[in-house]
Every structure is written in C-alpha cells, then in structure tokens.
Amino acid sequence: MKTYLPIFVVVAVLALVPFVTASNVVLNFLVVTLLIALAGQGWNLLGGYGGQYSFGHAAFFGTGAYVTAILQVQYGINAWFGLLIGIAAGALVGIVIGALSFRWGLRGSYFSLVTLAFAEVLRIVASVAPITGAGVGTLIKLDLRPEAFQFQSRAPFYWIALGLVGLSLIVVRGIENSRFGAYLVAIRENEDAARALGVDTFSVKLAAMIVSAAITAAAGCFYAQYFLFLDAAIAYGTWISIDALLAPIVGGVGTLFGPLLGALIIKMLGESTKLVTGGAPGLDLAIYGLLLIAVVGLAPRGIAGLLSALVPRRFRPPSVPEHHHG
Amino acid sequence: MAEMLLRIYAISKRFGGLLAVDKASFNVRPGRITALIGPNGAGKTTLFAIISGFLTPDEGRIVYDGADITGAAPHMLARRGIARTFQIVQPFAGLTVRENIAVGAHLARPNRVDALAAAGEVAYAVGLGTQLEQSAATLTVAGRKRLELARALATKPRLVLLDEVLAGLNPSEIRDMVPVIRKIADWGVTILMIEHVMQAVMTLAEQVLVLAEGRIIAEGTPQQVAADRQVIEAYLGHGAAARMISGAGHG
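Residues numbered from 1 in each chain as written. Chains lettered and ligands numbered in written order. Predicted model: local features only at pLDDT ≥ 70, side-chain atom pairs only at ≥ 80, totals over all residues. Heavy atoms only, no water.

Undergrad: Honestly, the nonpolar core in this entry has me stumped. Any pointers?
TA: Soluble globular proteins tend to pack their nonpolar side chains together in the buried interior. Membership of the largest hydrophobic core comes to 97 residues, with the highest contact counts inside it found for Y66, F149, Y158, F222, L230 and I266 of chain A together with F92 of chain B. Here this core gets 14 residues from one element, more than from any other, and that element is helix α10 (residues 201-227) of chain A. Beyond its immediate chain neighbours, meaning those up to four positions away, F149 of chain A contacts A79, W80, L83, F157, I160, F222 and Q225 of chain A. Judged by nonpolar contacts, the second largest core, of 51 residues, contains A154, M177, A200 and V201 of chain B. (Core = buried A, V, L, I, M, F, W, Y, C linked by side-chain atoms within 4.5 Å. Buried < 20%, exposed > 50% of the residue type's maximum accessible area, 1.4 Å probe, protein only. Helix = DSSP H or I, 4+ residues; strand = E, 2+ residues; numbered from the N terminus. Contact = heavy atoms within 4.5 Å.)

Here you go:
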C-alpha cells in the first residue's frame, strides 16, 4: 500500500482547491489541465512504459467523446452509462489498431505513423458521417442535473476529473508493480531480449494499448460532458494527440506523475503565451515545438527526471524489496 | 537416441543467394556442455537463432525433449525451457541489474516481489551480487556478459544457448567466467555454447561440433576435433593440415 501513498496525498491536496478558490477561470484551467493529464496518462502507459509512441491518441479520445454524446443525443441513454460505454468503445478501437499494427510487427516511427493515420481517417469519417452531425457537430442538450452528468458549478466537474486522474494513477501504479508492467518496460528497453526471456510481446503490447486507449477515451467522455459540444476537429483533432504525448514527455516519460506535471506546465505555458501574444493562431504550437526540442535535448526524462536527479540518493525510496512472500 | 535433449535434423537456412546453414544435423545430450565452433561466418549464430525461434528454417526439423518445435516463437520456447544469450549483449539499459534479471525470473514467478528476490539469488550465483541496484548501462563488458547469463538462468531453463559469452573478455575475466559456466552445468542445465576462445572450449566442453560453411564437418571430444584434418583446413585454409604435418616432420 505504501507505494500508493503519494497518489492519495497528491489527490487529497488537489481536492481542496475548490475550497480555496471559487474562481471559474482557475477551476476551468485546472479542469482542462486534469483532462490533458488523464489523456496523457493513457498515452504514457503505452508510450512511456511500453515505448510505443502513438501519434494518434485522438482516435481513442474522440471515440470516447462521440460515443458518450451520440448515445445521449440520438438514443436518450443516460450520460453516466454513456461514459462507461464510451470507455469500452475507446478500448475496442485500441484493440483494432493495436492488433493490426502489432500483428504486422510495426515498430518505432512506423507504428507512430499508422496511429496517426487511423486518427486522421476517423476524423475525416466523423466530419462527413450523419451520425456525428457531420460538419455541424453534435450538441448535447443542456440538462444541469447530476443524474445527467451536468452540474451548475465547476467544482463537481473538477472533482470528477480529479477522481478519474486519481483512478488512472492507481491503475498505472498497480501495473508498475506487476509482472505485466515489468514485461512492458522490458519491451521498451529491448524487444528481442524480452522475447528471449519468454515475453509474449504481441499480447503485452496489445494489453497495454487497450488500457491506454480506455484511459484516454475516459478523457474524451469527460470532455463531451464538460463542453457539451463536439465536432470532428475537436474530437479527433491532432491537438489532443499532441497534448496527450507532450504532457508526459515534458513531465517525465514513463513516470507516474509525469503526465500530471507536464499537463500543468504546458497548459500554464499555453495560457501565458495567449496573454502575451493575444492568441495569435498557431503560436502555441510553435511554443510547444520549442518546448519539446528543449525537453528532449536537455532533460530526456522530463521534469520528473530533473527533480529526481536533484534529490540526494539517500532520500530516495529503496528499490530493494523489503520483505519476501516466499 | 531417446535420451537426447535436442535433435537437429538437416536444418537449412538461406538468405537470398547465401546458404547460411546447409543441412546441419546434430544432437545434444542432456546435462552436458556441448560447444559449437567454426570459423567466422560459418553460420553458428544463425543456427542459434533458428533453435531459439528467432528465425524459421527453410528446411529441416528441430526436436526438443521429444516434441517438434520447428518454427515455434521465442517466448514459447523460453516457456518450454530453452534460454539464450546474445552475442551482442542486449541489456535493458534503463533498468537496474536486479530489474533486468527479474524479467527472466518472472517466467516462473508472477509476483513482482518474488521475482525481484529470485533475481538477487541468480545475480549472486553469476558474480553480480554487489551490483544489483546499479543501472545495467553502467556495467563493463564482462558485467554485461554476466548479466546476459543471469537473465537467461533466471528463466530456469533446461537448455541454455550461450552465444560467445567469453568474447571481448580479457584473460583474467575469462578465468573468472569459466567456473561460472561449469557451475551452471553442475546444476544439471544442458549447455550449448558458441565459443571462439579455444582454451575454454577445451576445458569445458565434453562434446564439440564444428560448423564450416553451414555444414557440420566434425564432431567429437575436444581432442578428437582438434586433431581433425578437415577442422584444421576449415580454420587455416586448404592444404594447411598437410603443410603442418610436413612442417612438423621437418622441424
């Protein structure tokens, strides 16, 4: 249980924020940050721990978002139930993309490009298909009741987003401490060596893809309920694919808190850029690009890596198991 | 023949115009150290890659423990008890020595804590006990060779394929490593090793196979093989055996 303690501390502290400030600007900023952190944690599991760099996590985000929205708008299904179906649908898309690309042994940049292509195909289909509202988009009817997953104030949304992030942290920490997690990291470090040691690399990568897709899809479902509007460029746009990979890379790729830390940094940077430049179109992306180059060049293990390099060795938790089960 | 652990039947592997392995056949007895030697480019590593499932042979059959395993995937073979090391070491560079070995130990131990503990025991057995918490990237060549060995052993194999675990080591490191290999054999693990360090082959191996141009050209005890005309010619060139014998006569 000790390894979960930092998660509970971080989530408990963040849960207090709405009691400190009622400012909608601050809460809105933090909700969006948590959303990116959640989507980024999904990417981090596959990319950070498994070394499979996806450029198309929008495929899962958008599927989660659209399924939640369409089930309500077209079929009158409850939003909470829609959330669960949306997560499952995202996982299903993960199975399809994962099975196809891993079965054919795509590695490295080939895998990245294929994921990008899948996300783009989904975006184009969503921009013409009648069920998504095509070019007009999908509007979820305003219904400010908790039963409908809509709230008067921002605070409940904030706590739900925080709860989802907390859940994703627990899932990823659990994977870190498991054989599955060890195999996933082994594949990232050296796939052939992992195979020689009995790792079924296809199954491990596929399982990681499914959990990764489900987590990012949850962020999409939440997005739909929070903003109540979707179109193809939002749901399947490259913006979310970029944010989902930028947050963990900046924060610390393959680290538990990397996505949360990175999301906070890129969102703060994005907001301050807007303030300074008055929101010149495309400038935030240029800033992101510079940030990415700086992080990869100067701190390849991200901010979390920099921090752990600063902490003296003797204060670090021992990696030696302290007790044996037999 | 029923007591053979591994039986190779007429294995061939072609890469484009190059016939890397040409109808190679041999047997490996359980609980012994068998060395596979031969000049550079003879096809030894290709043969290892085929036995461990990384390559599929174009022709021939591999029977392990009475079952046909031709074309089985590497991870399935690892689960059946065949482990291998790589000639070019393949550490999980971002992980510690303990975490590296634990990946192998996980094959028999699903629990993380158990696997990490077992990794410690294996590390001590191969002489990496003091470097457990060190990053694998910081190991010397000799350390990395030991790590290759430790990871393979952690899977609790019945047959281990060692691809030049002594290459790149200095004489004193070789002297340290030879007893480790003998200890593994003493545990009852069958060893098939590719090796160029002949002094080690001579002291360790009970059976030596000589591969040249993809074919097994000689087989026997180290002494038999060292005196074999074909083997001398394969290493030193055509006519070398005759020159050596006549040279010895003159000298």
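Undergrad: Explain the sheet that holds strand β2 (residues 18-28) of chain B to me, please; I cannot follow it from the model alone.
TA: By definition, the strands of a sheet pair up through backbone hydrogen bonds, in either a parallel or an antiparallel sense. Residues and elements named next belong to chain B. Taken in spatial order, the four strands of this open sheet run β2-β1-β4-β5, and their pairing is antiparallel. Unpaired on one side and paired on the other, β2 and β5 (67-68) mark the two borders of the sheet. Sheet topology note: the strand β4 (residues 59-64)/β5 ladder contains two bridges and is antiparallel. Opposite Y64, over in β5, you have A67 as the bridge partner. This element, helix α1 (residues 44-51), spans β1 (6-15), β2 and β4 of the sheet and lies at about 115° to β1. (Pairing = 2+ DSSP bridges. Axes fitted to C-alpha atoms, helices over the stretch in contact; angles between N-to-C directions.)

Undergrad: So what exactly am I meant to see when it comes to the pairing of β4 of chain B here?
TA: Side chains on a regular strand alternate between the two faces of the sheet. All names here are of chain B. Taken together, the five bridges between β1 and β4 define a ladder with antiparallel strand orientation. Paired with R7 across the bridge in β4 is V63. Linking β4 back to β5 in an antiparallel pair, the connection comprises two residues, with D65 at a positive phi of about 50°.

Undergrad: For this particular structure, what's the right way to read the interface of chain A and chain B?
TA: Where the parts come together, the accessible area they lose is often given as the size of the interface. Across the boundary between the two partners, chain A contributes 27 residues, which contact 30 residues of chain B. Approximately 2300 Å² of surface area, both sides summed, lies buried where chain A meets chain B, with 64% of it carried by carbon and sulfur atoms. Viewed at the interface, chain B and chain A are joined by zero salt bridges. In this structure, the connection of chain A to chain B is made through five residue pairs in polar contact (both at pLDDT 80 or more). Elements with a contribution of two residues or more to the side of chain A that touches chain B: α8 (179-189) and α9 (191-196) of chain A. (Buried area = accessible area lost by both parts, 1.4 Å probe. Salt bridge = Lys/Arg side-chain N within 4 Å of Asp/Glu carboxyl O. Polar contact = N/O pair within 3.5 Å; in protein donor to acceptor, adjacent residues only side chain to side chain.)

Undergrad: Please clarify how the packing of aromatic side chains should be interpreted in this entry.
TA: Both the distance between ring centres and the angle between the ring planes are used here to describe each pair of aromatic rings. As enumerated under the stated definition, the model contains 17 aromatic pairs over all chains in all. Plain terms: the ring middles of Y226 of chain A and F227 of chain A are 4.9 Å apart, the flat faces sit at 85° to each other, and that makes the pair edge-to-face. Taken together, the aromatic side chains of F61, W80, F149, F151, F157, F222, Y223, Y226, F227 and W239 of chain A make up a single cluster linked through ring pairs. R103 of chain A extends its terminal NZ or CZ atom over the ring of F202 of chain A, reaching a point 4.1 Å from the ring centre. When the ring centre of F92 of chain B is taken as reference, the NZ or CZ atom of R151 of chain B above it lies at 4.6 Å. (Phe/Tyr/Trp six-rings, centres within 6.5 Å; stacked < 30°, edge-to-face > 60°. Lys NZ or Arg CZ within 6 Å of the ring centre and 35° of its normal.)

Undergrad: What is the right way to read the pairing of β1 of chain B from this model?
TA: Residue and element names in this part refer to chain B. Summarising the sheet, β1 and β2 pair through seven bridges and their orientation is antiparallel. Of the residues in β2, the one forming a bridge with R7 is N27. What sits between β1 and β2 in their antiparallel hairpin is a turn of two residues, with G16 showing a positive phi close to 60°.

Undergrad: Would you take a moment to explain helix α3 (residues 97-105) of chain B for this structure?
TA: Note on helix geometry: an α-helix contains 3.6 residues per turn, so any two residues three or four positions apart are oriented the same way. The buried count for α3 of chain B comes to eight of nine residues, which makes it a mostly enclosed element. Buried within α3 of chain B we find V97, R98, N100, I101, A102, V103, G104 and A105 of chain B. Residues of α3 of chain B that are buried in the fold lie against α8 of chain A together with α4 (112-125) and α5 (141-154) of chain B.

Undergrad: Looking at this structure, how should I read the side chain of S212 of chain A?
TA: Residues and elements named next belong to chain A. By secondary structure assignment, the location of S212 is in helix α10. On the accessibility criterion, S212 (0% relative accessible area) is buried. A polar contact is formed between the side chain of S212 and the backbone oxygen of G42, at a distance of 2.6 Å. Other than its neighbours up to four places away in sequence, S212 contacts G42, W43, L45, L46 and H57.

Undergrad: Before we go on, may I ask you to explain the pattern of salt bridges in this structure?
TA: Any two side chains of opposite charge can pair if their charged atoms end up close together. Per the counting criterion, the structure on display carries 17 salt bridges over all chains. Between E120 of chain A and R123 of chain A there is a salt bridge, with the nearest N and O atoms lying 3.0 Å from each other. Note that E120 of chain A and R123 of chain A are positioned in helix α6 (residues 108-126) at a spacing of three residues, about one turn of the helix. Accessibility expressed as a relative area gives 24% for E120 of chain A, which makes it partly exposed. R123 of chain A sits in the partly exposed class, given a relative accessible area of 27%. Between R158 of chain B and D65 of chain B there is a salt bridge whose closest N-O contact spans 2.7 Å. Taken together, the residues span a long stretch of sequence, with R158 of chain B in the loop between α5 and β7 (159-163) and D65 of chain B in the loop between β4 and β5 at a distance of 93 residues. Accessibility expressed as a relative area gives 40% for R158 of chain B, which makes it partly exposed. Among the residues examined, D65 of chain B registers a relative accessible area of 43% and is labelled partly exposed. Members of the salt-bridge network, linked through shared partners, are R107, E191, D192, R195 and K205 of chain A.

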